[in-house]
Amino acid sequence: MAEKLSLTFLAVLSLLVIHVPAPGHSRLLDESDLLADGGHGLRWQPFLRLSRLGSSDSCEETYGFMPCTTTVLGNLFLIIVYGYLMYTAATFLSGGSELLLEILGPGIVGGLLLPILGAFPDAMLILVSGLSGTKAVAQEQVSVGMGLLAGSTVMLLTVIWGSCVVVGKCDLRNAIAVDSQDTKGFSLTGSGVTTDVWTKYAARIMVISVIPFIIVQLPQILNSNSGRHLAVLISLIVSVLLLLAYCLYQVFQPWIQRRRIDFAKHRHVISGVLKQLRMRALGRLLDDDGEPNIDVMQKLFNAIDANSDGYLEESELRALIVGIQFEEIGLDKKDAVEKVMKDFDISNNNRVEFEEFVQGILKWLNVAKQSRGSRNAGPHTVKFLSDYHEKMHMQQTKLEHDLLGAESEEVKGIENPKNVSLKAALMLLLGTAIAAAFADPLVDAVDNFSDATSIPTFFISFIALPLATNSSEAVSAIIFASRKKKRTASLTFSELYGAATMNNVLCLAVFLALVYVRGLTWDFSAEVLVILIVIVLMGALASFRTSFPLWTSSIAFLLYPFSIALVYVLDYVFGWS
């Protein structure tokens, strides 16, 4: 952090040094001020045009004191400096949020604060792009915000997504990546990454989040000019509602995930205990009509009832399930006994009577039949239970448990939580302050660079600004993916989909509010089409599969130049904007 602060201080200091003149002695040189040395007639063009107090230059200083220039190299220098400062802001916000998450845990912090802070630099740049100046100036500069919005989303789902697949690839065995095993090189089908089912849900949520884009585009689709302002308002409301819904989902998602994992473990208990019952049974548990065979179940009950008191207690159930490999899914035998008691002990007296035993067996057999797709096990109960446990359900439950992302890494306790909390708060404050202070100068520098080079501001912001605001996220995602584990891959891709979702709801909501309040014209059909194509295509790819062979990265990489080319053709060949 100290090194980052030092570099930030040097960046700010460089801006002040090149701008602040020595009192009473500085002025701009012109051609007449230069000594004749045989080069008469040569014109000198300053690198940065630093305006004197009271003079009128073609560039306008942000805040009245930030440096400005009309030259290409000068604006490029300013874009680099301001871009680095925005990158620093994003790094501070990300680091502070993660520290806070480690201290406070998931819930409000992880579900609400973390996603909003992650999108804050982008949202700030979008806000200032059309906040100042006249309506005409705002309409011109707001393309910087749209370029950043589109460029950030496209970069996350193309270049960064594809890089994570390449860096995180492992050998694929039965369409599942083997952790930390990468022996097949760059095999397009034999290597890749695997994610859990929660990552699929994150991708589906990302696809749903494009609804506001579709709403705001409806007047253009219908060739109507009268409803554009209303469409912006409706889209803004929908964006805010989706943002709230997404944050609530993030808050409660850990609880949902634990519930799903517990359900998978419970089904494993059912299959294991049923197999043990089948091995101990002296006949079929069900008769030819599918009804319970009372004689066989009574003999089975008596065999388990070691002390012959007419009840099954926890110690006797524990003896029943010895040998079942619950360790495969991280469930010990004590937990298994508790789950059996919960399902069988209807009277809640901590022991199972014969009638409860029969009802519990029937209920579990029905669960097994439904999972196997069979309506009547009848006379083939023994073979049915064996097939259910050995051939299908043991593997399916283990696979489901893995895909749910139940693997966990050892989490160490936080030492000196007070100091860590102070550091997190400081990083969040610095990140917020830097992003708020230098977002407007960066937008002005991009606009001036566009004027100097005649390159549309959209393409500059589409390519350059995401490099500043997404660099920290990109580096973290790639480093995390390089650990070559299914869990880290799942978390990496979930973060990418989550960041794209926040662009679609939070950043778009800021942009729509800006357009609506200032009465600007929504004319971004080409940009919206690019966003829709990338999100729908990558979202569809990630919504229905958990394994991504290496060849899928080529789709992502190709989408980036395709997006740039498509916007150019639609805007400057077909004249959409």
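As the structure is a prediction and not an experimental result, all values here were calculated from the model.

**Observations concerning the nonpolar core**
Part 1 of the argument: Trp161, Phe493, Tyr497 and Trp522 are the most contacted members of the largest nonpolar core, which totals 105 residues.
Part 2 of the argument: Examining the composition of this core, we find that 17 residues originate from one element, helix α18 (residues 486-518), more than from any other.
Part 3 of the argument: If we skip the residues at most four places from it in the chain, Trp522 touches Met146, Val216, Gln217, Gln220, Arg228, Val232, Leu508, Phe511, Leu512, Val515 and Val528.
Part 4 of the argument: Of all hydrophobic cores here, the second largest spans 17 residues; its members include Val340, Phe344, Phe357 and Leu362.

**Description of empty space enclosed by the protein**
Part 1 of the argument: Scanning the entire structure with this criterion turns up four cavities of 30 Å³ or more.
Part 2 of the argument: Taken as a whole, the largest cavity encloses approximately 60 Å³ of empty space.
Part 3 of the argument: Lining the largest cavity are Glu60, Thr62, Met66, Pro67, Cys68, Leu78, Tyr82, Pro441, Asp444, Ala445 and Asn448.
Part 4 of the argument: Looking at the lining of the largest cavity, the elements that each hand over two or more residues are α2 (72-104) and α14 (417-453).
Part 5 of the argument: Take the lining of the largest cavity: its biggest share by element is four residues, from α14.
Part 6 of the argument: Looking at the lining of the largest cavity, its residues break down into seven nonpolar, two polar and two charged.

**Structural notes on the confidence of the model for the protein chain**
Part 1 of the argument: Taken residue by residue, the protein chain gives an average pLDDT of 77. The fraction at 70 or more is 69%.
Part 2 of the argument: Least confident of the elements in the protein chain is helix α13 (residues 381-403), whose mean pLDDT is 49; most confident is helix α19 (residues 525-543), at 95.
Part 3 of the argument: A low-confidence stretch, residues 20-56 (pLDDT under 50), is modelled with 32 contacts involving residues beyond four sequence positions or located in other chains.
Part 4 of the argument: pLDDT under 50 marks residues 408-412. Its contacts with residues more than four places away, or in other chains, come to five contacts.

**A few points about the sheet that holds strand β2 (residues 176-177)**
Part 1 of the argument: Overall, antiparallel pairing links the four strands, which are arranged β2-β1-β3-β4 in an open sheet. Each edge of the sheet is formed by a strand with only one pairing partner; in this case those strands are β2 and β4 (547-549).
Part 2 of the argument: With two bridges connecting them, strand β1 (residues 170-173) and strand β3 (residues 191-194) associate as antiparallel partners. The residue bridging Asp171 from the neighbouring strand is Ser191, located in β3.

**What about the pattern of salt bridges?**
Oppositely charged side chains may form a pair once their charged atoms are brought near each other.
Part 1 of the argument: For the coordinates displayed, the defined rule picks out two salt bridges.
Part 2 of the argument: The residue Lys169 makes a salt bridge to Asp182 at a minimum N-O spacing of 3.0 Å. Taken together, the residues Lys169 in the loop between α5 (135-168) and β1 and Asp182 in the loop between β2 and β3 connect sequence positions 13 residues apart.
Part 3 of the argument: Judged by relative accessible area, which is 5%, Lys169 ranks as buried.
Part 4 of the argument: Overall, Asp182 belongs to the partly exposed group, its relative accessible area being 30%.
Part 5 of the argument: One salt bridge in this structure joins Lys484 and Asp182, with 3.4 Å as the shortest N-O distance. Of this pair, Lys484 sits in the loop between α17 (471-481) and α18 while Asp182 sits in the loop between β2 and β3, placing them 302 residues apart in sequence.
Part 6 of the argument: Through salt bridges with shared partners, one network takes in Lys169, Asp182 and Lys484.

Basis of the calculations
- Residues numbered from 1 in each chain as written.
- Predicted model: local features only at pLDDT ≥ 70, side-chain atom pairs only at ≥ 80, totals over all residues.
- Heavy atoms only, no water.
- Core = buried A, V, L, I, M, F, W, Y, C linked by side-chain atoms within 4.5 Å.
- Buried < 20%, exposed > 50% of the residue type's maximum accessible area, 1.4 Å probe, protein only.
- Helix = DSSP H or I, 4+ residues; strand = E, 2+ residues; numbered from the N terminus.
- Contact = heavy atoms within 4.5 Å.
- 1 Å grid on protein atoms, 1.4 Å probe; cavity = no way out; pocket = protein on both sides within 12 Å on 5 of 7 lines; lining within 4 Å.
- Points joined across faces, edges and corners; volume = space filled by probe spheres on them.
- Nonpolar A, V, L, I, M, F, W, Y, C, P; charged D, E, K, R; others polar.
- pLDDT = per-residue confidence, 0-100.
- Pairing = 2+ DSSP bridges.
- Salt bridge = Lys/Arg side-chain N within 4 Å of Asp/Glu carboxyl O.

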